[in-house]
Amino acid sequence: MFEAQIKVTLKKTVADPQGQTIKHALESFGFSGIERLRMGKFITVTIKAKDQAEAKAQAEKMCQKLLANPIIEDYSIEVKPL
Amino acid sequence: MKFGVVVFPGSNCDQDCFHVIQDVLKQSVEYIWHKTTSVDGFDCLIIPGGFSYGDYLRCGAIARFSPIMELVIKFANKGGLVIGICNGFQVLLEAGLLPGAMMRNTNLHFICKYVDLKVDSTETPFSSEYKKGQVIRIPIAHNEGNYYIDEKGLAELKKNDQIIFRYVTNPNGAMDDIAGIVNKERNVLGMMPHPERSSEDALGSHDGKLIFEGIVKWLQTSPRLVDTRHPSPSSMERGMNPPKAEKGVRND
């Protein structure tokens, strides 16, 4: 059994109004050193697979098919045994 | 002539579309549940607004894999008329029938109000009843209407005259003020504003009705577009080439 941790984030070239607003909110609390803030999604998937590579390959397919929209989003996957 | 209104779990503008087609336009219309396995006999499919599958993951992302969508894609590829409104537009983007993607409105608010749109192209079955450059009033109601497409894609849209409606005052951050686009073949329209909510004077505007009237007129004057039961090469060809108004002819 493996757990895939998937991060889906907006591409750097795409404006992120949510991230912008959160950044402003933090700044209004006095956090002045914020360079950049980007909002994204974090998805965990528990996968039955024979090894880590197979689990990763499955997670990769999930991202391509559904979890990320390649027009506006990037994704990264980390797989660890459970 | 028969319209079909696709219904997903979470669609909520399906009844409005149905009402306009049946009671305002006096045309035949049926609901199509998303698990239906055939769209035979329909001439125009409407993907209505709402919150299909709760807008989970991304708007339209789950609905796009509903069984009906494979049929909608086939229907569109044969030249059948498809119109996606609001959430329906988002579904068509996710399905790849139209280029680009939807982002959250730049002000992060759900915006529900009448907006002015400029008609940028009348050379589609959907916009033929307008005049080029005409300003029309149709309401929007969305949280994710901030249309995004990369530079190359935008250039392509402009080159092919695929931008049909633009916001006069951009409410949501949409690239190039885009409110509605068609595919290259011009038989699939996606638009964020709701023409079904502005098809009767009682609702404050009937500007949206002209979209549906355009479709009816086009279906009446064109030979039957799609016969999915017996597709013939000629009917497919006709479907892919909607009649285009000749440039410069209309001075009205």
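Residues numbered from 1 in each chain as written. Chains lettered and ligands numbered in written order. Predicted model: local features only at pLDDT ≥ 70, side-chain atom pairs only at ≥ 80, totals over all residues.

## Quick notes on the overall build of chain B
At step 1: Within chain B, the regular secondary structure consists of 6 helices and 11 strands.
At step 2: Counting across all 252 residues of chain B, residues that qualify as buried make up 51%.
At step 3: When contacts within chain B are restricted to residue pairs at least 6 apart in sequence, those whose partners lie at least 24 apart make up 74%. (Helix = DSSP H or I, 4+ residues; strand = E, 2+ residues; numbered from the N terminus. Buried ≥ 20, exposed ≤ 12 C-beta atoms within 10 Å, placed from the backbone. Contact = placed C-beta atoms within 7 Å.)

## With respect to the overall build of chain A
At step 1: A count of helices and strands for chain A gives 2 helices and 3 strands.
At step 2: Scanning chain A from its N terminus toward the C terminus, one meets helices and strands in the order β-α-β-α-β.
At step 3: In summary, chain A has a C-alpha radius of gyration of 16 Å against a globular reference of 12 Å for 82 residues, an excess of more than 25%.
At step 4: C-alpha atoms of chain A, sized along the principal axes, occupy 50 × 30 × 15 Å.
At step 5: Here chain A holds 82 residues, and the buried ones make up 20% of them.
At step 6: Sequence-distant contacts in chain A: of pairs separated by 6 or more residues, those separated by 24 or more amount to 67%. (Rg over C-alpha atoms; globule rule 2.2 N^0.38 Å.)

## Structural notes on the pairing of strand β6 (residues 111-119) of chain B
All names here are of chain B.
At step 1: Pairing geometry for β6 and strand β7 (residues 135-142), over 8 bridges, is antiparallel. Its bridge partner lying in β7, aspartate 116 is registered against arginine 137.
At step 2: In this sheet, strand β9 (residues 163-167) lies alongside β6 in antiparallel orientation, the contact comprising 3 bridges. Opposite valine 119, over in β9, you have phenylalanine 165 as the bridge partner. (Pairing = 2+ DSSP bridges.)

## Structural notes on the sheet that holds strand β1 (residues 2-7) of chain B
Residue and element names in this part refer to chain B.
At step 1: An order of β2-β1-β3-β4-β11-β10-β9-β6-β7 is seen for the 9 strands of this open sheet, with the pairing classed as mixed. Across the chains shown, the open sheet's two edge strands, defined by having one partner strand only, are β2 (28-33) and β7. When the angles between neighbouring strand axes are averaged without regard to direction, this sheet yields 25 degrees. (Axes fitted to C-alpha atoms, helices over the stretch in contact; angles between N-to-C directions.)

## Considerations on the interface of chain B and chain A
At step 1: Listed per partner, the contact involves 9 residues of chain B and 8 residues of chain A.
At step 2: Here the residues of the side of chain B that touches chain A are counted per class, giving 5 nonpolar, 2 polar and 2 charged. (Nonpolar A, V, L, I, M, F, W, Y, C, P; charged D, E, K, R; others polar.)

## Observations regarding the nonpolar core
At step 1: Ranked by size, the top nonpolar core spans 75 residues in total, and within it Val5, Val6, Leu45, Ile46, Val72, Val82 and Leu92 of chain B carry the most contacts.
At step 2: Considering every element that reaches this core, the biggest residue donor is helix α2 (residues 67-77) of chain B, with 6 residues. (Core = buried A, V, L, I, M, F, W, Y, C linked by C-beta atoms within 7 Å.)

## Some thoughts on the confidence of the model for chain B
It should be kept in mind that the predicted coordinates are not to be read in detail where pLDDT is low.
At step 1: On average, chain B scores 90 in pLDDT, and the residues at 70 or more come to 88%.
At step 2: At the level of chain-chain contacts, confidence expressed as ipTM amounts to 0.83, with global pTM at 0.87. (pLDDT = per-residue confidence, 0-100.)

## Some details on unusual backbone geometry
Residue and element names in this part refer to chain B.
At step 1: Even without a glycine there, the phi angle at aspartate 176 is positive, about 55 degrees.
At step 2: Examined against the element boundaries, aspartate 176 turns out to sit in the loop between β9 and β10 (178-182).
At step 3: Under the C-beta neighbour-count criterion, aspartate 176 is labelled partly exposed, with 13 such atoms within 10 Å.
At step 4: Phi at arginine 186 takes a positive value of approximately 70 degrees, unusual for a residue other than glycine.

## Notes on helix α1 (residues 17-28) of chain A
At step 1: End to end, α1 of chain A covers 17 Å across 12 residues, agreeing with the expected 16 Å (1.5 Å per residue, within 8%).
At step 2: Positioned one or two residues after α1 of chain A, glycine 30 of chain A has a phi angle of 100 degrees, which is positive. (Expected span 1.5 Å × (residues − 1).)

## Remarks on the sheet that holds strand β2 (residues 40-47) of chain A
Sheet strands pair via backbone hydrogen bonds, and the direction of the pair is either parallel or antiparallel.
Residues and elements named next belong to chain A.
At step 1: Across the sheet, 3 strands lie side by side as β2-β1-β3; this open sheet has antiparallel pairing. Each having just a single partner strand, β2 and β3 (73-81) make up the two edges of the open sheet. Along the sheet, successive strands turn relative to each other by an average axial angle of 20 degrees, direction set aside.
At step 2: Relative to β2, strand β1 (residues 2-10) runs antiparallel, the two sharing 8 bridges. Its bridge partner lying in β2, valine 8 is registered against lysine 41.
At step 3: Its contacts with the sheet place helix α2 (residues 52-67) against β1, β2 and β3, and it is angled at close to 155 degrees to β3.

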